[in-house]
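# Architecture and fold: a report
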Amino acid sequence: MSNSNNLILVLNCGSSSVKFSVIDPKTEKDVLSGLAEKLNLQDASVTFKFDGHKETRFLTTNDHTGALESILEKLKALGLFEKVTAIGHRLVHGGEAFKASVEINDEVLKTVEACSNLAPLHNPANILGVRAAQKAFPSLKNVGVFDTSFHQTMPEHAYLYAVPMKLYRENHVRRYGFHGTSYRFVAKEAAKMLNKDENNFALVVAHLGNGASVASILNGKCMDTSMGLTPLEGLVMGTRSGDIDPGLFSYLNQELKMDISAINNLLNKESGLLGLSELSNDCREVEEAAENGNRNAQLALEVFAYRLAKYIAGYVVPLGRLDALVFTGGIGENSASMRARVINHLSFLGLKLDENANNETCRGKAGVITSSTAPLALVVNTNEELMIAQDTVSVLNIAI
Ligand code: AMP
């Protein structure tokens, strides 16, 4: 267990789950982590991981407050409660109101609530989580860290859609981008790993998990990113289509008589790797099937890699040069074959794969995977929870 007296509780609250970690910002390690899931259902449970142990129990009160109370009890039982000095929350959508992380007060919560129409699945759950944390830990301060805030430096020509301006002026319709906390962490780590000054560094980062996006980052600032008003825009993902012809909406409606919610479901939950492979949204499973000769699985991976390579090349435009291409997220950190496909598409940029380094850089390893001297491609392990803990420390000026 940690000797530090300044631990940060990091919460990521969804509508039916609370993912949590207690992080020592000094050692940058988790001392406790876990997941409360199936909230509001009879068999809601919480799993704790600490010191190599894992234990699961059912929740007596099955909502967000019950989950937070059970985390509180566990902290007390482990003698950690007195050491937790603040709580950092992942908040998904801050609209144009939040350009950085902030201490949460009533005003902030009202503004996050007002952004709920932009993230109807996420923001209400995030707010529930903050309220439950305030109730269970009344003496602790709360900090909000937004997925969107890192992208607020995008210039107008990158974030505007070419639709009537009135929609932006009156309804805030524009590109926002997501995964910002991961991008911020990964850009700093990449600069550290390569011994570069992050204020003189041009990189494209590909965050490839079940949700996937790329960002163009110049001197620590986001210039463009592939997700838009919602996380549906851009790359092929696990179950999301990414870019499609917007005319597909009326085609599906008129020809197949699908309503908006069925179309939304099709594009968000039934498309991407899952839709193309007709097998799975899990890249590992699709890769295994492709190796065994499944043509749809092979096609799914090719479409994924080709779209990604086109995006990466396009995202060099806002940089004017490319110092490094960075892979992160479950697929980016682990799939050597996906990285190889993408880098092979991009050889015209001067990227040359080091096959041994690429094959060895998986399962928690990080490092350069190209033999070219410039630009470089590298793998960085993202850690959004640590970034949230670090922001919480800096927003509240906590001495560690
Ligand atoms: P994330 O959302 O960041 O947890 O990433 C989840 C994605 O990473 C899933 O598509 C997984 O199949 C993929 N992934 C994890 N490990 C591997 C691996 N060894 N090879 C290929 N894909 C992987």
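Up top you'll find the structure we're talking about.
Note that this is a predicted model, so its numbers are computed, not measured. (Residues numbered from 1 in each chain as written. Predicted model: local features only at pLDDT ≥ 70, side-chain atom pairs only at ≥ 80, totals over all residues. Heavy atoms only, no water.)

### Some words on the sheet that holds strand 6 (residues 84–91)
Keep this limit in mind: A strand pair is defined by DSSP finding two or more bridges across the two strands. Elements are defined by DSSP. Helices are runs of H or I of four residues or more, strands are runs of E of two residues or more, and each kind is numbered from the N terminus. Residue contacts follow a heavy-atom distance rule, with two residues in contact if any of their heavy atoms lie within 4.5 Å. Axis definition: a line fit to C-alpha positions, over the contact stretch in the case of helices; interaxial angles, taken between N-to-C directions, run 0 to 180 degrees.
Taking strand neighbours across the sheet as the criterion, the eight strands line up as 5-4-3-2-1-6-8-7 in an open arrangement whose pairing is mixed. Edge positions in the sheet fall to strand 5 (53–58) and strand 7 (102–103), since each of these pairs with one other strand and no more. On top of the sheet, helix 1 (residues 64–77) reaches strand 1 (7–13), strand 2 (18–24), strand 3 (29–37), strand 4 (45–50), strand 5 and strand 6; it is set at about 30 degrees to strand 2, its chief contact.

### A short note on the pattern of salt bridges
Quick note on the threshold: In what follows, salt bridge is the name for a side-chain nitrogen of Lys or Arg lying within 4 Å of a carboxyl oxygen of Asp or Glu. Only protein chains enter the accessibility calculation, which uses a 1.4 Å probe. A residue is then buried if its area is under 20% of the maximum for its type, exposed if over 50%, and partly exposed in between.
This model, assessed by the stated rule, comprises 16 salt bridges. Residue glutamate 385 is joined to lysine 19 by a salt bridge in which the shortest nitrogen-to-oxygen separation is 3.2 Å. Of this pair, glutamate 385 sits in helix 15 (residues 384–395) while lysine 19 sits in strand 2, and the two are 366 residues apart along the sequence. By relative accessible area, lysine 19 is classed as partly exposed at 41%. Put simply, arginine 90 and aspartate 147 hold a salt bridge, and the shortest N to O gap is 2.5 Å. Of the two residues, arginine 90 is situated in strand 6 and aspartate 147 in the loop between strand 8 (141–146) and helix 4 (156–159); the sequence distance between them amounts to 57 residues. Since its relative accessible area comes to 21%, arginine 90 is described here as partly exposed. Members of the salt-bridge network, linked through shared partners, are Glu55, Arg57, Glu73 and Lys74.

### Section: helix 6 (residues 180–193)
Quick reminder of the rule: Helix span, as expected, comes to 1.5 Å for every residue beyond the first.
The terminal C-alpha atoms of helix 6, which comprises 14 residues, lie 20 Å apart, in line with the 20 Å expected from a rise of 1.5 Å per residue. The buried fraction of helix 6 is high, at 10 of 14 residues. Of the residues making up helix 6, those classed as buried are Gly180, Thr181, Ser182, Tyr183, Arg184, Phe185, Val186, Ala187, Ala190 and Ala191. Where helix 6 terminates, the next one or two residues include asparagine 195, which has phi positive at roughly 60 degrees.

### Describing the site of the ligand
Here is the rule we go by: We call a residue near a molecule or strand whenever a single non-hydrogen atom of that residue lies within 4 Å of it. N or O atoms within 3.5 Å of each other form a polar contact, as long as, within protein, one can give a hydrogen and the other can take it, and as long as residues adjacent in sequence are counted only when both atoms are side-chain atoms. Working definition of accessibility: Shrake-Rupley area with a 1.4 Å probe, residue cover restricted to the visible protein chains. For this classification, Asp, Glu, Lys and Arg are treated as charged, while Ala, Val, Leu, Ile, Met, Phe, Trp, Tyr, Cys and Pro are nonpolar and the rest, including Gly, are polar.
The environment of the ligand is made up of Gly209, Asn210, Asn281, Asp282, Cys283, Arg284, Glu287, Gly329, Gly330, Ile331, Asn334 and Ser335. Asparagine 210 is positioned with one of its backbone polar atoms (N or O) 3.0 Å from an oxygen atom of the ligand. Arginine 284 has a polar backbone atom sitting 3.2 Å from an oxygen atom of the ligand. Burial of the ligand by the protein chains amounts to 71% of its free accessible area of 500 Å². Elements that contribute at least two residues to the shell around the ligand include exactly helix 10 (283–291) and helix 12 (329–334). In terms of residue count, helix 12 provides more of the shell around the ligand than any other element does, four residues in total. Considering only residue class, the shell around the ligand consists of two nonpolar, seven polar and three charged.

### A look at the packing of aromatic side chains
Remark: the centre distance and the inter-plane angle together describe each pair of aromatic rings, the angle taken between the planes. Operational definition: Geometry of aromatic contacts follows a simple scheme: Phe, Tyr and Trp rings, the Trp one being its six-membered ring, pair when their centres are within 6.5 Å, and the pair is stacked under 30 degrees between planes, edge-to-face over 60, tilted otherwise. Both a distance and an angle decide whether a charge sits over a ring: NZ of Lys or CZ of Arg must be within 6 Å of the ring centre and within 35 degrees of the ring normal.
Across all of its chains, the model carries five aromatic pairs by this definition. Consider the rings of phenylalanine 81 and phenylalanine 137, whose centres lie 6.2 Å apart with planes at 35 degrees: the pair is tilted. Taken together, the residues phenylalanine 81 in the loop between helix 1 and strand 6 and phenylalanine 137 in the loop between helix 3 (123–136) and strand 8 connect sequence positions 56 residues apart. For phenylalanine 81, a relative accessible area of 24% corresponds to the partly exposed category. In this structure phenylalanine 137 comes out as buried when scored by relative accessible area, which is 1%. Note on tyrosine 311 and tyrosine 315: the rings are 5.6 Å apart at their centroids and 50 degrees apart in plane angle, and the pair reads as tilted. For the pair shown, tyrosine 311 and tyrosine 315 are each scored as buried. Between lysine 76 and the ring centre of phenylalanine 81, over which it is positioned, the NZ or CZ distance is 5.2 Å. It is arginine 174 that lies over the ring of tyrosine 159; its NZ or CZ is 3.6 Å from the centre.

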